[in-house]
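One-letter residues, chain by chain:
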Amino acid sequence: MKLNKIILSFVSALVILFSTSVASFAKVVGDKIILGAAISLTGKYSSNGVHTQNGYNMAVDRINSMGGVKVGGKTYMFDIIYYDDESNPKRAAQLAERLISQDGVEFMLGPYSSGLTKAIAPVTEKYGVPMVEANGASRSLFTKGYKYLFAVLAPANLYLDVAIETAVELNGGKPVRIAQAFEQDAFSQDVRLGILDAAKRTGSEIIIDDKLPKELNDMAATLVKVKQMKPDVLVVSGHTKGALTAVRQISEMKVDVPMLAMTHCDAAKLSEQHGANSQYSLCASQWHKSLTYKDDFFKDGMTYAADFDKEFGYDPPYQAAESSAALLVFKDAFERAGSFDKKKVRDALAATNMQTFYGNIKFAEGGQNVDKPMVLFQVICDNGGKCENKVVAPLKWASAELVHPIPKWSER
Amino acid sequence: MDFLVFQYPMITVQACLDGILLGVLFALIAYGMALQWGVMNIINIAQGDLVILGGYIAYFMYLYGIHPAWGVIVAPIIMYFVGIAIYKLVINKVVDRDLFISILATFGISILFMQLMNFAFGADVVLANSGYGTTMLFDNNVVLPNSKIFSAFISIVFAICLVIYMKKSKLGRAIRATAQNARAAKILGVDTEKVYAATFGINAALCGVAGALISITFTIHPYMGLPYTIRSFMIVIVAGLGNLPGVAMSGMGLGVFEEFADYILGTEFRIGSVFLLLVLILVYRRFKLSRKREYLK
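To continue, consider the overall build of chain B. If you tally the helices and strands in chain B, you get 12 helices and 2 strands. Helices and strands appear in chain B in the N-to-C order α-α-α-α-α-β-β-α-α-α-α-α-α-α. By the compact-globule yardstick of 19 Å for 297 residues, chain B fits well, its C-alpha radius of gyration being 19 Å. With the C-alpha coordinates aligned to their principal axes, the bounding extent of chain B is approximately 60 × 55 × 35 Å. With 297 residues in all, chain B has 49% of them scored as buried.

Looking now at the domain arrangement of chain A. Residues and elements named next belong to chain A. What the domain assignment reports for chain A is domain 1 (20–154 + 291–362) and domain 2 (158–285 + 374–411). For domain 1 and domain 2, the distance between their C-alpha centres works out to 31 Å. Secondary structure elements with two or more residues in the side of domain 1 that touches domain 2: helix 4 (114–127) and helix 11 (318–337). Considering each element in turn, the side of domain 1 that touches domain 2 owes the most residues, 3 residues, to helix 4. Of the residues assigned to the side of domain 1 that touches domain 2, the class counts are 5 nonpolar, 7 polar and 2 charged.

Residue and element names in this part refer to chain A. Spatially, 9-8-10-11-12-17-18 is the arrangement adopted by the 7 strands of the open sheet, whose pairing is mixed. Of all strands in the sheet, those with a lone pairing partner are strand 9 (205–212) and strand 18 (387–393), marking the two edges. Adjacent strand axes in the sheet meet at a mean angle of 25°, parallel and antiparallel pairs treated alike. Pairing of strand 8 (residues 177–183) with strand 10 (residues 233–237), which is carried by 5 bridges, proceeds in the parallel orientation. By the bridge assignment, Ala 179 is partnered in strand 10 with Leu 234. Relative to the sheet, helix 6 (residues 186–202) contacts strand 8, strand 9 and strand 10, its axis offset from that of strand 8 by approximately 165°. On the sheet, helix 7 (residues 220–229) packs against strand 8, strand 9 and strand 10 and is oriented at approximately 165° with respect to strand 9.

Residue and element names in this part refer to chain B. Put simply, helix 2 (residues 9–40) and helix 11 (residues 244–265) touch, their axes get as near as 6 Å, and they point 135° apart. With respect to each other, helix 2 and helix 11 are oriented oblique. Two packed elements cross with a definite hand, and for helix 2 against helix 11 that hand is right-handed. Classifying every residue of the contact of helix 2 with helix 11 gives 19 nonpolar, 5 polar and 3 charged.

In this complex, chain A contributes 31 residues to the contact, which on the side of chain B involves 30 residues. At the level of secondary structure, the elements contributing two or more residues to the side of chain A that touches chain B comprise helix 2 (46–65), strand 9, helix 7 and helix 8 (239–252) of chain A. When grouped by side-chain class, the residues that make up the side of chain A that touches chain B number 10 nonpolar, 11 polar and 10 charged.

Looking now at the environment of Thr303(A). By the secondary structure assignment, Thr303(A) is in helix 10 (residues 301–312). Judged by local crowding, Thr303(A) falls into the partly exposed class, with 14 C-beta atoms found within 10 Å.

Moving on, we come to the pairing of strand 9 of chain A. Residue and element names in this part refer to chain A. When strand 8 meets strand 9, the two strands line up parallel, connected through 7 bridges. By the bridge assignment, Ala 181 is partnered in strand 9 with Asp 210. Crossover connection from strand 8 via helix 6 to parallel strand 9: handedness right-handed.

Ranked by size, the top nonpolar core spans 220 residues in total, and within it Leu28(B) and Val209(B) carry the most contacts. Sorting elements by how many residues they give to this core places helix 2 of chain B first, with 19 residues. Among the domains, domain 1 (20–154 + 291–362) and domain 2 (158–285 + 374–411) of chain A are the pair contributing at least three residues each to this core. Not counting chain neighbours up to four residues away, the residues in contact with Leu28(B) comprise Ser155(B), Phe158(B), Ala159(B), Leu206(B), Val209(B) and Ala210(B).

Residue and element names in this part refer to chain B. Between helix 3 (residues 47–63) and helix 10 (residues 226–239), the least distance of the axes is 6 Å, while the angle of their chain directions is 125°. Between helix 3 and helix 10, the crossing angle belongs to the class labelled oblique. In the crossing of helix 3 with helix 10, the sense of the turn from one axis to the other is right-handed. Residue-level contacts link Gln 47, Gly 48 and Val 51 of helix 3 to Leu 226, Pro 227, Tyr 228, Thr 229 and Ser 232 of helix 10. The class makeup of the residues in the contact of helix 3 with helix 10 is 4 nonpolar, 4 polar and no charged.

Criteria and cut-off values
- Residues numbered from 1 in each chain as written.
- Chains lettered and ligands numbered in written order.
- Predicted model: local features only at pLDDT ≥ 70, side-chain atom pairs only at ≥ 80, totals over all residues.
- Helix = DSSP H or I, 4+ residues; strand = E, 2+ residues; numbered from the N terminus.
- Rg over C-alpha atoms; globule rule 2.2 N^0.38 Å.
- Buried ≥ 20, exposed ≤ 12 C-beta atoms within 10 Å, placed from the backbone.
- Domains from an automatic or database assignment.
- Nonpolar A, V, L, I, M, F, W, Y, C, P; charged D, E, K, R; others polar.
- Pairing = 2+ DSSP bridges.
- Axes fitted to C-alpha atoms, helices over the stretch in contact; angles between N-to-C directions.
- Contact = placed C-beta atoms within 7 Å.
- Parallel < 35°, antiparallel > 145°, perpendicular 65-115°, else oblique.
- Left-handed = near helix turned anticlockwise from the far one by under 90°.
- Right-handed = clockwise from strand over helix to strand, strands pointing away.
- Core = buried A, V, L, I, M, F, W, Y, C linked by C-beta atoms within 7 Å.

So, in structure tokens, the structure goes:
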């Protein structure tokens, strides 16, 4: 009996605590616009989750220190409520629900990864809460008819499209033979669909089409096939472990392939972990600091990179840059909407047409950004073994010439 | 389905060699599991996580400029004490209990280890470069990374040392006596508590060696432990407890099976095929047991 009483009073204390704390949060309190975000601070996405959070924080500080957001003649500052989704989609959906229905948040920032964005999107859609996300590129996010989802990044199917186009171009416009290996997750499978499209468009043939398991750490079998069948291009996408495993085993097994294109090289710190063995790998990237886009807050990519490094002590990966861009989009939309009405902000977001240091941003019907192409960089090492990522395609931003075909291992 | 294996005969050779080298490494992990399963009647779900922790030890040595191959010496020493600590904190409370309780307890340890490693080392996928180069055979048609050969060699060395130790040393004999009949051993003066702790420590040390080798040959990540637990479980189920040649054979068999499943069914079915094989073997074993009315020793 006594125990029951204790439990009862404990629970009621919690209830009271919650009901009072809810009152202190709302969409806009005083001069603060409160955004909500569930981010992977622990769990398997935690490193990219932290990049995302750093990107958000950097932009919030910058916008606030440069005068904040002006809505209806009044100045507001950004603030973000973060929760840790533990890299777990179910948890992310619960937290989105909590941010909206308990904390009263009316504007959301996206989580890290396509999978988690997929889990959150139905919730924000249900409540009509505009969400600007910067780390969910899966094509399936943009075909569901979501009205309140906006992504500042290019969709996943465009990641390695450029690589195939470039390979065909270098082959004198003739079709190429493609070998591909993709992890079985939403993102990588979308990248695969993009390659299938590109292959169809260029008449290229896919001679190896492997799917990699989630627990991937050995792709020797795929590489043996590559060695035997000698494709013109090898495409690999399996997040950081895919990139690391591919380069490790390609160098160990001395697999010669004229072009190797991957995703997630910079997140995997490829050139740092593999040094000269990673040389000549082509990597798809949403952004690179050498691009010449400009805005008033971060000036350009180089300045952003320098400021980011000063604040967080490392070179910003594209995951951080695109997250910062999401805040710029929100600011722009609030000011154009001139109101905090969710519907009006949503309409203003849909009409976004701006340039940020990260790239041009203009949303299609489905919410994806259609105004920013992907870039390809190549890992280039100098004689001292110091490696750098150089943009090689599209040509407009190229800071180095593409090395093609990749020199044979016997000649390196 | 892919029939490259038949189109390119060299792939068969490659698959067999890759499988055997990989299988020897699996067998080392499985031997640790068989040992403590036999002695303590505990199925250690955290086996794979101990392996990954061993891998991180080698990785950190590599980060500080020490060649990761030294990890095969350092990792088992550290892991031995980690094993003893786990035994003193958790395992000694479940050792005489139901098998189910021990599975739950080690499952808990596994989750704890994953989260702690994630917390301490971050969620990045990492690896240690050995710089060992490559061996080319058959006119460059078959390639074997020297790191894999090194792993297999070290695994065999450790397995042999362990067998000799179990046969010759006092503790080894005590461990074997406890495995045969813990009560009788106790009556005859064997300190079973000490034997249990040492067994768990030795198992953790073996995981440490395997982990160091995995960081050199593959990649490590805090959440990558489970496939190693499953593989070793499977090898032990096939080989039976206390059957070292059996463990070695079934380890290599599993390695080759995985490689062929990879070539024929596709990489996506690689781990899946291991699970399927496990189910089939369990069903077959059960069938055999029910006919012969025998029990696993």
